[in-house]
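Structural features, examined
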Amino acid sequence: MTGQEMEDKIKNLLGSKITAGEMDFLHGFYRIPGIYRYSIRNTIMIMIQGGSIAMGFDRWQKAGRHVKRGERANIEILVPKMINTTDKETGDKDQLCAGFFGRKVFDISQTEGKPLEYQNNSAEVINVSYADISVKLQSALGINITSAITGSARGYFKRGITAGAREIVISSMSNNSDKCKTLFHELGHALLHESAEDVESHPAREVEAELTSLLVCSVLGVEFQESALYIKAYNEHKPEVRVLKVISAVQKILKAII
Ligand SMILES: [Zn+2]
């Protein structure tokens, strides 16, 4: 994906009008650990229709929840129509996406039953080691990264008086995945919000930092539903998000760890 493509797509992601066609390229980008694998397009479609986690009747039952009496499925997602193909020369069988059709699903708010596990803890899904990447990022980016008990926060960034005094503190109570995800978020702040004047609005800072984390995690093959919810919540304030700067922060982080 080029920087320009990524920029366009993120603009779409943050905009209120997103057509399914525009989001096609992101198919398969977004995953919810342990629950369901959505394309990022469907995740965004669910969000802009006012939902958070949405699934069909049967899937909710499998997850230990049931749709409340009288609720109607009113969130539409797009489901790929797969067709079987056979390679004429080699005889290899494969599946091809021949297009998409709409399907109505229920939002979690229309269901009741067993709490979903992610509501308490992120699943342990990141396949990189926090211990490894924090060392690499510390030396590549010149930011002190330490671990401590941070109370209810999963981490924070302390702006130093001098560049060398910048520090990120990550909660020692978090699991590996949450540590990585939080580190990417705080690095977003460190790389994008070094001086207080960089971005004035708090929602813009939070959307930029969480987008950084979401994109880095996406490239690592991991998605956290909470990232999308976090961005959605702050995005309601319609902040000015500097997409190109976010992309360059993402690239710096990836360069240091991949
Ligand atoms: Zn933040």
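Residues numbered from 1 in each chain as written. Predicted model: local features only at pLDDT ≥ 70, side-chain atom pairs only at ≥ 80, totals over all residues.

Section: the pairing of strand E8 (residues 167-171)
Here strand E6 (residues 144-148) runs beside E8; their pairing, made up of five bridges, is parallel. Its bridge partner lying in E8, Asn144 is registered against Glu167. Looking at chain direction, strand E7 (residues 155-158) and E8 are connected through four bridges and run antiparallel. Residue pairing in the sheet places Phe157 in a bridge with Ile168 of E8. (Pairing = 2+ DSSP bridges. Helix = DSSP H or I, 4+ residues; strand = E, 2+ residues; numbered from the N terminus.)

A word on the sheet that holds strand E4 (residues 93-107)
With antiparallel pairing, the three strands of this open sheet are ordered in space as E1-E4-E3. Sheet topology places strand E1 (54-55) and strand E3 (75-86) at the edges, where each strand pairs with a single neighbour.

Observations regarding the packing of helix H5 (residues 176-192) against helix H8 (residues 243-257)
Orientation of H5 relative to H8, taken along the N-to-C sense of each, is 120°, at an axis distance of 10 Å. As far as their axial angle goes, H8 and H5 are oblique. For the crossing formed where H5 meets H8, the hand is right-handed. Along the contact surface, H5 presents Phe184, Leu187, Gly188, Leu191 and Leu192, while H8 presents Lys245, Val246, Ala249, Lys252 and Ile253. (Axes fitted to C-alpha atoms, helices over the stretch in contact; angles between N-to-C directions. Parallel < 35°, antiparallel > 145°, perpendicular 65-115°, else oblique. Left-handed = near helix turned anticlockwise from the far one by under 90°. Contact = placed C-beta atoms within 7 Å.)

Comments concerning helix H4 (residues 130-141)
Helix length check: H4, at twelve residues, gives a terminal C-alpha distance of 16 Å against a target of 16 Å (1.5 Å per residue), a fit within 8%. Those residues of H4 that fall on the buried side of the exposure criterion are Tyr130, Ile133 and Leu137. For H4, the angular spread of the buried residues around the axis is 70°, confining them to a single face. Seen from the buried face of H4, the exposed residues on the opposite side, beyond 90 degrees, are Ala131, Asp132, Val135 and Ser139. (Expected span 1.5 Å × (residues − 1). Buried ≥ 20, exposed ≤ 12 C-beta atoms within 10 Å, placed from the backbone. Arc of directions from axis to C-beta.)

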